[in-house]
Amino acid sequence: IAGITQAPTSQILAAGRRMTLRCTQDMRHNAMYWYRQDLGLGLRLIHYSNTAGTTGKGEVPDGYSVSRANTDDFPLTLASAVPSQTSVYFCASRAHYTGELFFGEGSRLTVL
Amino acid sequence: AQSVTQPDIHITVSEGASLELRCNYSYGATPYLFWYVQSPGQGLQLLLKYFSGDTLVQGIKGFEAEFKRSQSSFNLRKPSVHWSDAAEYFCAVGADNDYKLSFGAGTTVTVRA
């Protein structure tokens, strides 16, 4: 089934550790996004990529980095995790003509 | 930059009753508007979208939404809710020259028997 695959599904992490959340899509969409979801705040954009080889900062980029080496993969890295990065992270890709975002199932990250 | 406000944090509705979720956006030009639904522990699924044309749009699962430019609103409605409609609903706005979507804080819908 075509779509977005995120890994891991859930992770508990000690503060200060480095963590990479993986995201892979098989729909050949150019644009991809990372959002974090927090209670009462909805989804906030962390980073995005309009096409392979380019990335941009969203609303809450501090403490996160991304790369886009190819069309399919868009990993999100926390260089040194802090408790405020405890959240559910969603990766999404955008359909070319309809503008619809397709979301992964999310990665629940807890930083202690 | 665009933004979205969903005034209702939580709505409780009886099964079979009608439902309306409010969404107000802020954007200078004609926006692209979306409603997404998120079931517990799941990702988000598109219910419907508005780009242009008819201001009343139909979506999946019996939902519809109406774009009202004068009120900067895009309210979601369903005539008769089912217990399976219990979920969190997000309104989102995008611009035609920008691939990024801005989401509202969400409205949680509880359906009582």
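A.B. asks: Help me understand the environment of Gln85(A), please; the structure alone is not making it clear to me.
C.D. replies: Residues and elements named next belong to chain A. Relative to the helices and strands, Gln85 is located in the loop between strand 8 (76–78) and strand 9 (87–94). Non-local contacts of Gln85, meaning those with residues more than four positions away in its chain, are made with Arg36, Asp62, Gly63, Tyr64, Leu78, Ser80, Leu109 and Val111. At a separation of 3.3 Å, a polar atom in the side chain of Gln85 contacts the main-chain carbonyl oxygen of Gly63.

A.B. asks: What is the right way to look at the nonpolar core in this model?
C.D. replies: Across soluble globular proteins, nonpolar side chains show a tendency to be buried alongside one another. All names here are of chain B. Membership of the largest hydrophobic core comes to 26 residues, with the highest contact counts inside it found for Trp35, Leu48, Phe74, Leu76 and Tyr89. Of all the secondary structure elements, the ones that give two or more residues to this core are strand 2 (10–14), strand 3 (19–21), strand 5 (32–38), strand 6 (44–50), strand 8 (64–68), strand 9 (73–78), strand 10 (87–95) and strand 12 (107–112). Of the residues forming this core, the biggest block, four residues, is contributed by strand 10. Setting aside anything within four residues of it in sequence, one finds Leu48 in contact with Leu33, Phe34, Trp35, Val57, Gln58, Gly59, Phe63, Glu64, Ala65, Phe74 and Leu76.

A.B. asks: Can you help me understand the layout of surface pockets in this one?
C.D. replies: To find leftover empty space, one rolls a probe the size of a water molecule over the atoms. The calculated volume of the largest pocket comes to roughly 540 Å³. Lining the largest pocket are 28 residues, and of these Gln37(A), Val88(A), Arg108(A), Gln38(B) and Glu88(B) lie nearest its centre. Elements with a contribution of two residues or more to the lining of the largest pocket: strand 4 (31–38), strand 9 and strand 11 (107–111) of chain A together with strand 10 and strand 12 of chain B. Split by residue class, the lining of the largest pocket holds 10 nonpolar, 13 polar and five charged.

A.B. asks: Could you clarify how one ought to interpret the interface of chain A and chain B in this entry?
C.D. replies: Between chain A and chain B, the residue contacts involve 21 residues of the former and 18 residues of the latter. Here chain A meets chain B over a buried area of about 1600 Å², counting both sides, of which 58% is carbon and sulfur. Between chain A and chain B we count zero salt bridges in total. Our count for the chain A to chain B interface comes out at three residue pairs in polar contact (both at pLDDT 80 or more). Those elements that place two or more of their residues in the side of chain A that touches chain B are strand 4, strand 5 (42–49), strand 9 and strand 10 (101–103) of chain A.

A.B. asks: How do you make sense of the sheet that holds strand 8 of chain A when you look at a structure like this?
C.D. replies: The strands making up a sheet are joined through hydrogen bonds of the backbone, oriented either antiparallel or parallel. Residues and elements named next belong to chain A. Sheet architecture is open: four strands sit in the order 1-3-8-7, paired in antiparallel fashion. Every other strand in the sheet has two partners, leaving strand 1 (4–7) and strand 7 (64–66) as the edge strands with one partner each. Across the sheet, the mean angle from the axis of one strand to that of its neighbour is 20°, orientation sign disregarded. As paired strands, strand 7 and strand 8 are joined by three bridges and run antiparallel to one another. Opposite Tyr64, over in strand 8, you have Leu78 as the bridge partner.

A.B. asks: Help me understand the environment of Phe74(A) in this model?
C.D. replies: Residues and elements named next belong to chain A. Inspection of the secondary structure puts Phe74 in the loop between strand 7 and strand 8. Linking Phe74 and Gln11, residues 63 residues apart in sequence, is a C-alpha distance of 18 Å. Those residues within four positions of Phe74 in sequence are excluded, and the remaining contacts are Cys23, Met32, Tyr33, Trp34, His47, Tyr48, Ser49, Thr55, Val66, Ser67 and Arg68.

About the thresholds
- Residues numbered from 1 in each chain as written.
- Chains lettered and ligands numbered in written order.
- Predicted model: local features only at pLDDT ≥ 70, side-chain atom pairs only at ≥ 80, totals over all residues.
- Heavy atoms only, no water.
- Helix = DSSP H or I, 4+ residues; strand = E, 2+ residues; numbered from the N terminus.
- Contact = heavy atoms within 4.5 Å.
- Polar contact = N/O pair within 3.5 Å; in protein donor to acceptor, adjacent residues only side chain to side chain.
- Core = buried A, V, L, I, M, F, W, Y, C linked by side-chain atoms within 4.5 Å.
- Buried < 20%, exposed > 50% of the residue type's maximum accessible area, 1.4 Å probe, protein only.
- 1 Å grid on protein atoms, 1.4 Å probe; cavity = no way out; pocket = protein on both sides within 12 Å on 5 of 7 lines; lining within 4 Å.
- Points joined across faces, edges and corners; volume = space filled by probe spheres on them.
- Nonpolar A, V, L, I, M, F, W, Y, C, P; charged D, E, K, R; others polar.
- Buried area = accessible area lost by both parts, 1.4 Å probe.
- Salt bridge = Lys/Arg side-chain N within 4 Å of Asp/Glu carboxyl O.
- Pairing = 2+ DSSP bridges.
- Axes fitted to C-alpha atoms, helices over the stretch in contact; angles between N-to-C directions.

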